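# Residue-level structural notes
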Amino acid sequence: MIRDNETHQLLLSTVRAFVRDVLRPHEKEVEENNEVPESVVAQMRDLGLFGLTIPEEYGGLGLTMEEEAEVCFELGRTSPAFRSLIGTNNGIGSQGILIDGTEEQKSFYLPKLATGEYLSSFCLTEPDAGSDAGSLKTIAERDGDDYLISGTKRFITNAPYADIFTVMARTDRDAPGAKGISAFIVERKSDGVTIGKPGHKMGQKGSLTADVIFDKVRVPAKQLIGGVENVGFKTAMKVLDKGRLHMAAFAAGVSDRMLEDTLLYAIERKQFGRPIASFELIQGMLADSKAELYAAKSMVLDAARKRDEGQRISTEASCAKMFSTEACGRIADRCVQIYGGAGYVSDYDIERFYRDVRLFRIYEGTTQIQQLVIAKNMIREVS
């Protein structure tokens, strides 16, 4: 749902110009230094990018899902590190509070997240609990008016500079699977919180992930999201449904950038006395990529509109995430093939993007998890 098309187009043009004039010129610097320059972060704050999806009453822009998807198409046209920095504040880092939090929690944290004063992280994955989130071992034990949280979270995006963590912890050890999990807001400054060394990843430089260790961290009971125990996994699933649609949109945006760069290269690059874009086998790869990109965007926008209408979109979000990220991987592979040897060296951006996009098919739920979600939903509907 587009609320006001004129205002929305102004936002898109602003984001498009910011990506072109500010973010893209810093891509190589981010890759080499493994961090987003503070001067760029300050400009992102000034533009309100940390609060795109946070409601206006809490200081954000309150974008609808369709509006958010179209902004993601634009943000995808540069290094994933930039979106990753703002993504948790707009997505998994804030949505649990927004969807299920108490009014006190919303009023205190959401304005700080919207301005970028606070950065957030989402702590679900553990060393022995990834796709099987129901097997997590982090424990939250009640101690008077507080909880004591102990456990280790792994691959936590933005952990090295997050101010708050949405932490999934087990409050009922006897409950099977995910039924005994609760969600907490834990502040970084709390005693007993330790951030591990950032991991050295294949790609996505500038987007830092690390372990977060909780050693009997005392958390006031008022930090229990929604004030209700044992519903944290449901909160996480609501958050991930929206996050998967966000990632599908972003993957489509990255695909758009890769394909545009590759098309220009194919037009300029000559072999046998003519541009390689004139060769039919090259045209076939370009055409396949364009068709998949069009399909991905169409799926994202259809699911986004259904969510804005209040429909349940668990199946559609998983379909979009699965298709868009898998298509992005295929498009990246074709683009490298079109570049030939040049695509394998870092002189061209496609080499970096080829490494960056591999992660899209893993986080926010692997492709295989999306398949399970889709199939189980199909069976449940018939049953």
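Structure shown above.
This write-up is about the structure you can find in this document. Just so you know, these numbers come straight off a predicted model, no measurement behind them.

### A few points about the side chain of R352
- In this structure, R352 sits in helix α11 (residues 349–356).
- For R352, a relative accessible area of 5% translates into the label buried.
- Excluding anything up to four places from it in sequence, R352 contacts E27, E31 and R257.

### Examining the packing of helix α1 (residues 5–23) against helix α3 (residues 38–46)
- It is the contact of α1 with α3, at a shortest axis distance of 12 Å, that shows an interaxial angle of 165°. In terms of orientation, α1 lies roughly antiparallel with respect to α3. You can see that α1 and α3 cross each other, and the crossing is right-handed. For the pair formed by α1 and α3, the contact residues are F18, V22 and L23 on the first element and V40, Q43 and M44 on the second.
- Residue classes in the contact of α1 with α3 are distributed as five nonpolar, one polar and no charged.

### Here's the deal with the side chain of K205
- As for its placement among the helices and strands, K205 is situated in the loop between β6 (193–195) and β7 (209–220).
- Here K205 occupies a buried position and makes no salt bridge, while the nearest side chain of opposite charge, E31, is found at 5.9 Å.
- If sequence neighbours within four positions are ignored, K205 has contacts with V30, E31, N34, S79, A81, H200 and D356.

Criteria and cut-off values
Residues numbered from 1 in each chain as written. Predicted model: local features only at pLDDT ≥ 70, side-chain atom pairs only at ≥ 80, totals over all residues. Heavy atoms only, no water. Helix = DSSP H or I, 4+ residues; strand = E, 2+ residues; numbered from the N terminus. Buried < 20%, exposed > 50% of the residue type's maximum accessible area, 1.4 Å probe, protein only. Contact = heavy atoms within 4.5 Å. Axes fitted to C-alpha atoms, helices over the stretch in contact; angles between N-to-C directions. Parallel < 35°, antiparallel > 145°, perpendicular 65-115°, else oblique. Left-handed = near helix turned anticlockwise from the far one by under 90°. Nonpolar A, V, L, I, M, F, W, Y, C, P; charged D, E, K, R; others polar. Lys, Arg positive; Asp, Glu negative; His and termini not counted. Salt bridge = Lys/Arg side-chain N within 4 Å of Asp/Glu carboxyl O.

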